[in-house]
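Listed below, chain by chain, are the residues.
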Amino acid sequence: MLERVITWIPDAVMGDKMVEIRYSDYRDVGGGAKLPFRLHAHMGDHPLIPGGHNWMDLRVNDAKVNVADAAQTVPDSVRSAPAPQVRVTAQKLGDGVWLMGGGSHNSVAVEFKDFVTGHRGSAG
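Residues numbered from 1 in each chain as written. Predicted model: local features only at pLDDT ≥ 70, side-chain atom pairs only at ≥ 80, totals over all residues. Heavy atoms only, no water.

Caption draft 1: A look at the overall build of the protein. Across its full length, the protein carries 1 helix and 8 strands. Counting from the amino terminus, the protein carries its helices and strands in the arrangement β-β-β-β-α-β-β-β-β. Put simply, of all contacts in the protein between residues at least 6 apart along the chain, 18% involve residues at least 24 apart. (Helix = DSSP H or I, 4+ residues; strand = E, 2+ residues; numbered from the N terminus. Contact = heavy atoms within 4.5 Å.)

Caption draft 2: Structural view of the packing of aromatic side chains. Taken as a whole and judged by the stated rule, the model has 1 aromatic pair. Between the aromatic rings of Phe 112 and Phe 115, the centroid separation amounts to 4.8 Å while the plane-to-plane angle is 15°, which identifies the pairing as stacked. Judged by relative accessible area, which is 47%, Phe 115 ranks as partly exposed. (Phe/Tyr/Trp six-rings, centres within 6.5 Å; stacked < 30°, edge-to-face > 60°. Buried < 20%, exposed > 50% of the residue type's maximum accessible area, 1.4 Å probe, protein only.)

Caption draft 3: Inspection of the pattern of salt bridges at higher detail. The full count for this structure, using the stated rule, is 7 salt bridges. Between Arg 22 and Glu 20 there is a salt bridge, with its nearest N and O atoms 2.7 Å apart. The class of Arg 22 is partly exposed, set by a relative accessible area of 39%. Here Lys 92 ties to Asp 95 by a salt bridge, and the two come within 3.8 Å at their closest N and O atoms. Each of Arg 4, Glu 20 and Arg 22 takes part in a single network of salt bridges with overlapping partners. (Salt bridge = Lys/Arg side-chain N within 4 Å of Asp/Glu carboxyl O.)

Caption draft 4: The arrangement of the sheet that holds strand 4 (residues 53–59) in detail. Within the open sheet, the 4 strands sit side by side as 1-2-3-4. Their pairing is antiparallel. Each edge of the open sheet carries a strand with a single partner, namely strand 1 (4–11) and strand 4. Adjacent strand axes in the sheet meet at a mean angle of 25°, parallel and antiparallel pairs treated alike. One ladder, built from 6 bridges, connects strand 3 (residues 33–43) with strand 4; its direction is antiparallel. What sits directly across from Ala 41, in strand 4, is Met 56. (Pairing = 2+ DSSP bridges. Axes fitted to C-alpha atoms, helices over the stretch in contact; angles between N-to-C directions.)

Caption draft 5: A look at a nonpolar patch on the surface. Taken together, the side chains of Val 86, Val 88 and Met 100 make up a nonpolar region of the molecular surface, amounting to roughly 250 Å² of accessible area. Position of Val 86 among the secondary structure elements: in the loop between helix 1 (76–79) and strand 5 (89–94). (Patch = residues over 30% accessible without salt bridge, like charges linked within 9 Å, V, L, I, M, F, W, Y side chains within 5 Å. Areas by Shrake-Rupley, 256 points an atom, 1.4 Å probe, with all protein chains shown as cover.)

These results come straight from atomic positions and should not be treated as a statement about function.
Shown next, in the form of structure tokens:
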């Protein structure tokens with residue numbers, strides 16, 4: 001059974017943040033399926049959030065699989081809605097330094113010999 005997932009999530013203000021999601025209290029819900037009845041999420045250390053913090057603790061009371069007629073119809077307005085479009089433009093600021101502008105936030109990309117790094121901040 002899956003116990004935890006650790007990943008990085010982008011944040012418009014603080015940059016990339018480590019997030020850990022833990023799955024526990026697995027129970028048989030029928031049909032040979034087991035589901036976690038507790039999900040816990042924690043954002044890891046960041047200079048602005050020393051020690052990190054818990055941001056979700058979900059406890060499930062009941063779950064079923066293969067329930068007859070459980071599917072919901074997707075409204076046409078949702079099904080045909082256009083995907084959001086953001087135009088990003090690159091502007092060279094100097095050798096190996098690029099401003100990636102567009103949308104509600106801008107990024108700066110910096111080229112190094114063996115890697116590229118960046119920082120994302122607000123547009124205003």
